Amino acid sequence: MTAPGKPEAPGLLDGKLSPTRPLRASGDLFAFALDTVRAMPKRPFQLREFVQQTWFVASVTILPTALVAIPFGAVIALQLGSLTRQLGAQSFTGSASVLAVLREASPIVTALLIAGAGGSAICADLGARKIRDEIDAMEVLGINPIQRLVVPRVLAAMVVATLLNGLVSVVGVAGGYFFNVVLQGGTPGAYLASFGALAQVEDFWSGELKALVFGLIAGIVASYKGLRAGGGPKGVGDAVNQSVVITFLLLFAVNFVMTAIYFQLVPPKGQ
Amino acid sequence: MVGVAVEVEGLTKSFGSQNIWSDVTLTLPPGEISVLLGPSGTGKSVFLKSLVGLLKPERGSIVISDTDIVRCSESRLYDVRKLFGVLFQDGALFGSMDLFDNIAFPLREHTRKTEAEVRRIVLEKMDMVGLQGAERKLPGEISGGMRKRAGLARALVLDPEIILFDEPDSGLDPVRVAYLNQLIVDLNAQIDATFLIVTHDIGTARTVPDNLGLLYRKHLAMFGPREQLLTSQEPVVQQFLNGRREGPIGMSEEKDVAQVEAEMAALQARGGDRHNGVGPKGAVGGDAVPPQLDPSPGLPERRAQRRRQERVARMLHEFDPATADAIRASLPADLLAQADAGVLTPPAGGRHWATDSTQAIGVLPGPRDGR
C-alpha cells in the first residue's frame, strides 16, 4: 500500500506560471479547429441540426444587428457630412459613405454581433450540455460531438455571418442616406449619383469573405470553449466570457490582416 | 449473449501533480455484477470515465475484447464504446429532447432501423425500466428517479455487453434505491451483460453484487467475491461496510494510529458492530453475509450465478476460513462435492481472476471461451 513516489499536495500556482501555458492553449484551440475542419466532409451530414442552428443563430443576431447597423451608418454619415462640407466635396458624400459601410463598418458590426450574440449563445448551449454530462454521454454512445454538434454550429455561424454582412450593408447605407438627406439637408440626387464613384463590387465581396472567416472563427472558438467548460455553472459563465473576449481579439486581428491583403490585391478605383 | 470481461491492470491516473489512484488491478468477470465502493473523493467516477476512455490514465491497461482502450486509436475507441452502456449520475439525458427521442437517439444514430422498429425497441426498453406512458415528457419535467431510469433505458437500447452505473442511488430515497437495485438484478438476469456499479450505498453493496471492491487512499484496497469483503477483518473494509466513524477513515483524511485504537476499543466495549445499531445508508452491524438479491419471479435465472459459483469454488482454498465458510454456504451441493474432491483446478489468474478457457468441467457450463 505504499505509493510509488510520494504524492504531493497540489500547489496554488501549479503550472500557472509556466511559460509554455499560453502556447499549449493556442495549440489546443488550433488542433480543435483542424479536427472540426476534418470532420466537415464526414458523412452523415447533420442537416437537421445545421438548419436548426442556422435558424437559432439568425434569430439571436438579426435584430441586434439591424439595430446596431442604423446608428453605425448614421455616425459615418454625420462624420462624412461635415467633413465633405469643409472640403467642399459634398457631391462625394454618398460614395464615401457606401465605401466606409461596405469595406469596414459591415464586417466590424458582423464580427461584433456574431461573436457577442451568436458565439456566446453557442458557447452557453454547449457548456450547459457539457456540465450536465450530455457530451460525455454522447461520446459513450459512440457519437463524435465534433461531427454531431460542432460542425453544424460552425457552418451555421458562417452562413449567418455572410447573410448578416449583407444585411448590415443594406441597413447601413440606408441609414446613411436617411441621415445625410433628411437630417443634414444633402441632395438625394447627388448622394445616389455618386454611389458607384469610389466603391466597387470587390469591396462587397471582400466584406462577405471577411464575414465568412469571422463566422468560422467565432463558431470554432465558441464551440471549443463550450466543450471545455468545467466546474459547474460558474464554469459555463467563465467559458462564455472567455469565448467572447478571445473571439473579439481574433476577429479584429484577422480583420486587420485581411484588409491589408485586400489593398495589396485590389487596386482602388481610378488608378 | 454473454457480457465481455474487463481486465484492468496497473492503472494509474493523475491530474497534474495530483495522483488520483495508482496501480489498480482488477478483472470484471463476464456477466457478473461488481460494485466498486470508496469514500467520497477517491476517484470512483474517474475510474468509470477511464473505463469508457473519456479520460486517459498515464499507466496501465484496460483490455476489453482484445483491445487496450488506453492506447488504441480514436476510431477503434468509438467502436469499443458501442459495447458499453453507461448510466451517468443524473441520467445525462439530452435536455432538448423528450424521453422517447432520448432513448431512440442511439438507434437513430447507429442503425438503419425503420421508425416502426425504433418505436418497438424504445417502448420495450421503457417498459423494462417501468416508464410506460412517459414518452413525451421532457427531462426537466420528471423526477430524479425517472431520469435515472430513462438514462438506463437509453444505455440499454444498443444491447450493451458492459453496463456501468455511476452512483445509481444518489438523490433517491431508500425505497426507490431498493427498487432500482432489484431492477439492476432483473436486468442482469435478462441480458447477462457485465455490470459495474460505483456507489457508496452499503445496502446496495451488501445485497446486489457478485464481486466487491474498495478504493481507499489512492489504491484498490481490496477486490474479490462479495463474501471476501463482507467477512473481511481489514479495518478499512469493516469500517466502510458498517458505515461507522470508528476506524482508519477520517472526515477529511486518515487518522493517527492511537486514535483509531482508542476508538476501536470503545467500539468493542459497546459490543462491536453487531450492537452498533443500524448505520446510515442501509448498513447493518456485524460481518454478516446477507443473501444476494434474486431476480423477480417469472424472470430467467441469472446465468452468471452458476458461472460465478464455479469460479469461486475453484479458488476456495485461497481464502481465509471465514470467507471460505461463507462461500461454501452459497455453493450448491454438486459443486461443493467437486471442490472437496479436489476435481476443480484453481484458475490461472490467481486471486484477481482471469478468464480460464483451458478446461470446461464435465457437468458445468464452462466459462465463456475467452482468448
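Residues numbered from 1 in each chain as written. Chains lettered and ligands numbered in written order. Predicted model: local features only at pLDDT ≥ 70, side-chain atom pairs only at ≥ 80, totals over all residues.

Considering the overall build of chain B
Secondary structure summary: chain B contains 13 helices and 10 strands in total. Counting every position in chain B, which comprises 371 residues, the buried fraction comes to 44%. Residue pairs at least 24 apart in sequence account for 66% of intrachain contacts in chain B once pairs closer than 6 positions are excluded. (Helix = DSSP H or I, 4+ residues; strand = E, 2+ residues; numbered from the N terminus. Buried ≥ 20, exposed ≤ 12 C-beta atoms within 10 Å, placed from the backbone. Contact = placed C-beta atoms within 7 Å.)

Digging into the overall build of chain A
Looking only at helices and strands, chain A features 9 helices and 0 strands. Of the regular secondary structure in chain A, the N- to C-terminal order runs α-α-α-α-α-α-α-α-α. In terms of overall dimensions, chain A has a C-alpha envelope of 90 × 40 × 35 Å along the principal axes. Taking all 271 residues of chain A together, the buried fraction comes to 41%.

As for the environment of Leu107 of chain B
All names here are of chain B. Among the structural elements, Leu107 can be located in helix α3 (residues 99-110). Through-space distance from the C-alpha of Leu107 to that of Ser143 is 25 Å; in sequence the pair is 36 residues apart. Not counting the four nearest positions on each side in its chain, Leu107 is found in contact with Lys113, Val118, Ile121 and Val157.

Observations regarding unusual backbone geometry
Excluding glycine, a negative phi dihedral is what most residues carry, and trans is how most peptide bonds are arranged. Residue and element names in this part refer to chain B. The phi dihedral of Ser65 falls on the positive side, at around 40°, and the residue is not glycine. Checked against the element boundaries, Ser65 lands in the loop between β4 (59-64) and β5 (67-68). The exposure class of Ser65 is partly exposed, given the 15 C-beta atoms found within 10 Å.

A short note on the UniProt feature "transmembrane region" (unreviewed entry) in chain A
Residues and elements named next belong to chain A. This chain's UniProt record puts "transmembrane region" (unreviewed entry) on residues 55-78, 108-128, 149-171, 177-199, 211-227 and 239-263. Split by type, residues 211-227 is 100% helix and 0% strand. Its first and last C-alpha atoms lie 24 Å apart. The straight-line gap between the two end C-alpha atoms of residues 239-263 is 36 Å; of that span, 100% is helix and 0% is strand. (UniProt positions renumbered as here; feature names shortened; annotations may be inferred.)

Re the UniProt feature "domain: ABC transporter" (unreviewed entry) in chain B
Residues annotated in UniProt with the feature "domain: ABC transporter" (unreviewed entry) correspond here to residues 6-242 of chain B. Taken as a whole, residues 6-242 of chain B contains 39% helix and 26% strand, while its terminal C-alpha atoms sit 29 Å from one another.

Let's talk about the nonpolar core
Val86, Ala153 and Leu164 of chain B are the most contacted members of the largest nonpolar core, which has 83 residues in total. It is helix α5 (residues 144-156) of chain B that contributes the most residues to this core, 6 residues altogether. The residues touching Ala153 of chain B, leaving out its near neighbours within four places in the chain, are Ile103, Lys125, Met126, Met128, Val129 and Leu131 of chain B. In terms of nonpolar packing, the next biggest core, distinct from the first, is built from 62 residues, Phe72, Leu99, Val150 and Val213 of chain A among them. (Core = buried A, V, L, I, M, F, W, Y, C linked by C-beta atoms within 7 Å.)

Here we look at the interface of chain B and chain A
Across the boundary between the two partners, chain B contributes 22 residues, which contact 19 residues of chain A. Looking at the side of chain B that touches chain A, the elements with two or more residues in it are β2 (18-28), α2 (74-81), β6 (84-87) and α3 of chain B. Residues of the side of chain B that touches chain A, tallied by class, amount to 9 nonpolar, 8 polar and 5 charged. (Nonpolar A, V, L, I, M, F, W, Y, C, P; charged D, E, K, R; others polar.)

A look at helix α2 (residues 47-87) of chain A
Along α2 of chain A, the sharpest change in direction is near 35° and occurs at Thr61 of chain A; proline Pro64 of chain A comes one to four residues later. Buried residues belonging to α2 of chain A abut α3 (93-131) and α5 (145-183) of chain A. (Bend = angle between axes of the 7 residues up to and from the residue.)

Considerations on the packing of α3 of chain B against α5 of chain B
All names here are of chain B. Between α3 and α5, the least distance of the axes is 7 Å, while the angle of their chain directions is 30°. For the element pair α3 / α5, the angle class is roughly parallel. α3 and α5 meet at a crossing whose hand is right-handed. Contacts between α3 and α5 involve Leu99, Asn102, Ile103, Phe105 and Pro106 on the former and, on the latter, Ala150, Ala153 and Arg154. In terms of residue class, the contact of α3 with α5 is built from 6 nonpolar, 1 polar and 1 charged. (Axes fitted to C-alpha atoms, helices over the stretch in contact; angles between N-to-C directions. Parallel < 35°, antiparallel > 145°, perpendicular 65-115°, else oblique. Left-handed = near helix turned anticlockwise from the far one by under 90°.)

Some remarks on the sheet that holds strand β7 (residues 162-166) of chain B
By definition, the strands of a sheet pair up through backbone hydrogen bonds, in either a parallel or an antiparallel sense. Residues and elements named next belong to chain B. The strand order across the open sheet built from 6 strands is β6-β7-β8-β3-β9-β10, with neighbouring strands paired in mixed fashion. Whereas interior strands pair on both sides, the edge strands pair on one side only; in this sheet they are β6 and β10 (219-225). Each adjacent strand pair in this sheet contributes to an overall mean axis angle of 15°, direction not counted. Pairing between β6 and β7: 4 bridges, direction parallel. Looking across to β7, one finds that Gly85 is bridged to Ile163. Along the sheet face, helix α1 (residues 44-51) touches β3 (33-37), β7, β8 (194-198) and β9 (211-216) and points at about 155° away from the line of β7. (Pairing = 2+ DSSP bridges.)

Section: the packing of helix α1 (residues 21-39) of chain A against α5 of chain A
Residue and element names in this part refer to chain A. Put simply, α1 and α5 touch, their axes get as near as 9 Å, and they point 90° apart. Taken together, the axes of α1 and α5 lie roughly perpendicular to each other. Two secondary-structure elements touch here, α1 through Asp35, Thr36 and Ala39 and α5 through Ile146, Gln147, Val150, Val151 and Val154.

Describing the sheet that holds β4 of chain B
All names here are of chain B. Pairing in this open sheet of 4 strands is antiparallel, and the strands run β2-β1-β4-β5 from one edge to the other. Only two strands of the sheet have a single neighbouring strand rather than two, namely β2 and β5. Judged from the 7 bridges that link them, strand β1 (residues 6-15) and β2 form a sheet pairing that is antiparallel. Across the sheet, residue Lys13 finds its bridge partner in β2, namely Trp21.

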